[in-house]
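# A structural walkthrough
One-letter residues, chain by chain:
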Number of protein chains: 2
Amino acid sequence: MPNVPTITAFANSPDGGRGMARDMRVRWALEETGRPYAVRLVSFEELKAPEHKALHPFGQIPTYEEGGLVLFESGAIVAHIAASGPGLLPPDAPGRARALSFLFAALNTVELPIVEREQAGFSERDDSWYAERLPLLDRRIRNRLDDLSARLGTSDWLDGAFSAGDLMMVSVLQRLPANVGILEDYPTLVSYVARGKARPAYQRAFAAQFAVFLQSQST
Amino acid sequence: MPNVPTITAFANSPDGGRGMARDMRVRWALEETGRPYAVRLVSFEELKAPEHKALHPFGQIPTYEEGGLVLFESGAIVAHIAASGPGLLPPDAPGRARALSFLFAALNTVELPIVEREQAGFSERDDSWYAERLPLLDRRIRNRLDDLSARLGTSDWLDGAFSAGDLMMVSVLQRLPANVGILEDYPTLVSYVARGKARPAYQRAFAAQFAVFLQSQST
């Protein structure tokens, strides 16, 4: 299939089909822009093998291959897809700049404390300090959500029409599951995430990654 | 001064003139591409004021204003500067894609554990768990540096000529001061950072931010 990009995703995603893995962002972006794509599933062992590290130096998913083009990092891939056609960036330069600023903010400013808390849950849950540190981690997340909800206000999206900035911000926020109990204190952000997930392109992307999960369970 | 972009920087940088603040990345990118710029200094109080949050929703520096264009997040600003002229991205599409992948990797994959350790030093140094957690934080950083040094090998830069990806990666790595004792275990990365800092454009950017520090000390 020439002209159809190939992305990589976990053969066995640790998220149990919840769409938390970072291929979801890329699938969503491709669906928003109406582009078909192929998926190559990668095992945890293959992630660390030289063949995969030639594509992704840090041994992660997703990657994106299209002709001679090889990208890694979900942010770079979504930015590339957004710049390649209509649907994810406004036509005017100032609007594009703001959308890309929000995309970077999602990854470097908002995701950082969310991943920090997630990692603590994975690797520090049995440590003596886990419970005592949680309020500190939660405060770091809330600092960002205070500012984000203030900027969003009662708007549907961060800056007019839905953009790659919203796609990435919703993707990052939905890493905060309900049992964490933080996002729920920001009703406008809960609605914002729900609005993103209700988009037909998100639904198609979610179904595609869920099919991989179901397949991995049956084999 | 029309056509001269204005960036923001800390009036009183908490780094004591060491060039750790994120305006340094933007100054460096502007110097690499030979573009003059103006700087507006912002106090900590002004960062959180509505006027600044209208430019940067998360109340941080740097911002970038140029005509009607307003950007925030150092990643978005450096990517914009890199795309606006020669000097920071190769001319071919695959090369540009790889450079931007490394820029995103610097911010979302490599900087995350480095900032996590930095924040622990700021806000958890007096907590009972600080010393016990440090090896865990160091391991997370080393995992990334293992992969990064493997990719760099004995090359001068990550992918042929110096690019925006190198600019951001060097900027992130130099957040690891010698007293942390991690970077020093990777001699090729120490050389890589030194090579970046030796560039005339870095030197000019560093001198400009240092002048702000000296000025803040004398008033």
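In what follows, the structure referred to is the one given above.
None of these values were measured; they are calculated from a predicted model.

### Topic: unusual backbone geometry
Residue and element names in this part refer to chain A. Going from Ile-61 to Pro-62, the amide bond is cis rather than trans, its omega being 0°. Positionally, Pro-62 belongs in the loop between helix 3 (50-55) and strand 3 (63-66). At Glu-73, a position not held by glycine, the phi torsion is positive, near 80°. Counting through the fold element by element, Glu-73 comes out in the loop between strand 4 (69-72) and helix 4 (74-84).

### Thoughts on the interface of chain B and chain A
At the interface, 48 residues of chain B touch 48 residues of chain A. It is Phe-58, Phe-104 and Trp-129 of chain B that lose the most area in chain B upon contact with chain A, and together they represent 18% of the buried surface on that side. In this assembly, chain B and chain A are joined by six salt bridges. Ionic pairing is found between Glu-124 of chain B and Arg-140 of chain A, a salt bridge with its closest N-O pair at 2.9 Å. Summed over the shared surface of chain B and chain A, the result is 20 residue pairs in polar contact (both at pLDDT 80 or more). Counting residues per element, the ones that place at least two in the side of chain B that touches chain A are helix 3 (50-55), strand 4 (69-72), helix 4 (74-84), helix 5 (93-123) and helix 6 (130-152) of chain B. Counting residues per element, the side of chain B that touches chain A draws most heavily on helix 5 of chain B, at 20 residues. When the residues that make up the side of chain B that touches chain A are grouped by side-chain class, the tally is 26 nonpolar, nine polar and 13 charged.

### Brief notes about the relation of the copies chain B and chain A
When chain B is fitted onto chain A, the two copies agree to an RMSD of 0.0 Å after a turn of 180° and an axial shift of 0.0 Å. Within this description, the copies of the chain are treated as partners about a two-fold rotation axis. Both copies contact each other with a shared surface, as 100% of the interface residues of chain B are interface residues in chain A too.

How each quantity is defined
- Residues numbered from 1 in each chain as written.
- Chains lettered and ligands numbered in written order.
- Predicted model: local features only at pLDDT ≥ 70, side-chain atom pairs only at ≥ 80, totals over all residues.
- Heavy atoms only, no water.
- Helix = DSSP H or I, 4+ residues; strand = E, 2+ residues; numbered from the N terminus.
- Contact = heavy atoms within 4.5 Å.
- Buried area = accessible area lost by both parts, 1.4 Å probe.
- Salt bridge = Lys/Arg side-chain N within 4 Å of Asp/Glu carboxyl O.
- Polar contact = N/O pair within 3.5 Å; in protein donor to acceptor, adjacent residues only side chain to side chain.
- Nonpolar A, V, L, I, M, F, W, Y, C, P; charged D, E, K, R; others polar.
- Least-squares fit on C-alpha atoms with pLDDT ≥ 70 in both.

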